[in-house]
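Chain by chain, the residues:
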Amino acid sequence: MTIVVLPYVALTAEMEEAVSLYAQDGARVIRPTPGQGDWPTSLRGTDGEGDRLNSLYQEICRELGWTGVASLAQRFESSAKRCSDYILVGDALERCDEIDPSRHSFVKTSADLLEKFCKKKGRIEMNLEAFFKQMNIELAQSGGINTCVRLMKGAKQIARCDSNMHLKQGDATTQAAAARIYFQHLDRSDQFRLFLLYVGPHPSNDIDRMVAWHHN
């Protein structure tokens, strides 16, 4: 038997006694620390501050050795399902699960922040660099890789958006440990969109994508 004692609510004396009795009978007792590894620091928070319950579930599954824990790619897919303005463009997640495990915490935190940014439609009351820096995520706005989003109305290109903006962790290391997340955001014709363009090891080539646009 394995007992996971979640640290988000204090146990009563009776519950602690029950856990101790089970431990004496050979049960394995796990007491995670909030904020350590990928355990959420808290289960409280407002909408858009990340999928805390999903993170909690994934960590419990990992501790128990259960199969079927969501991949990194599924984390972004879940965000896109919850946010209609969140667009996974093309093969953005194709190489997501190639990222070195040492960078998984960075990717998960970045995914949560991107979802929060999208839910707020970019209205975060601070610049984007400061927004990510709150959670020690580095936003770079220059670099060798260029992203291009072409807004298409039918076969006609009505706008082109170029950027170097990306989230990063890992320099002067292996390709897999140089995790990169390329995205663009757009506020046009009263329509906000977050375009996720690439999540994976440091890419080798520029990213050029066409996106259908049904507005002006």
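Residues numbered from 1 in each chain as written. Predicted model: local features only at pLDDT ≥ 70, side-chain atom pairs only at ≥ 80, totals over all residues. Heavy atoms only, no water.

Engineer: Please give an account of the nonpolar core that cites residues and values.
Structural biologist: The nonpolar side chains of soluble globular proteins are, as a tendency, buried together. Counting residues in each nonpolar core, the largest one holds 31 residues, and the members touching the most others are Phe-76, Leu-114, Phe-132 and Phe-183. Those elements that place two or more of their residues in this core are helix H3 (72-82), helix H4 (104-119), helix H5 (128-133), strand S8 (179-188) and strand S9 (191-201). The contacts of Phe-183, once residues within four sequence positions are left out, are Leu-114, Leu-128, Phe-132, Leu-139, Met-165, Leu-167, Leu-194, Phe-195, Leu-196 and Leu-197. Residues Val-89, Leu-186, Phe-195 and Leu-197 belong to the second largest nonpolar core, which totals 14 residues. (Core = buried A, V, L, I, M, F, W, Y, C linked by side-chain atoms within 4.5 Å. Buried < 20%, exposed > 50% of the residue type's maximum accessible area, 1.4 Å probe, protein only. Helix = DSSP H or I, 4+ residues; strand = E, 2+ residues; numbered from the N terminus. Contact = heavy atoms within 4.5 Å.)

Engineer: Help me get a handle on the environment of Gln-175, residues and values and all.
Structural biologist: Tracing the sequence through the fold places Gln-175 in the loop between strand S7 (166-169) and S8. The partly exposed category is assigned to Gln-175, whose relative accessible area is 38%. Considering only alpha carbons, one finds Gln-175 and Leu-21, 154 residues apart in sequence, at a separation of 49 Å. Excluding its chain neighbours within four sequence positions, the residues that come into contact with Gln-175 are Arg-95, Pro-201, His-202 and Ser-204. In this structure the side chain of Gln-175 is engaged in a polar contact, spanning 2.8 Å, whose partner is the backbone oxygen of His-202. (Polar contact = N/O pair within 3.5 Å; in protein donor to acceptor, adjacent residues only side chain to side chain.)

Geometric values such as these leave the question of function open.
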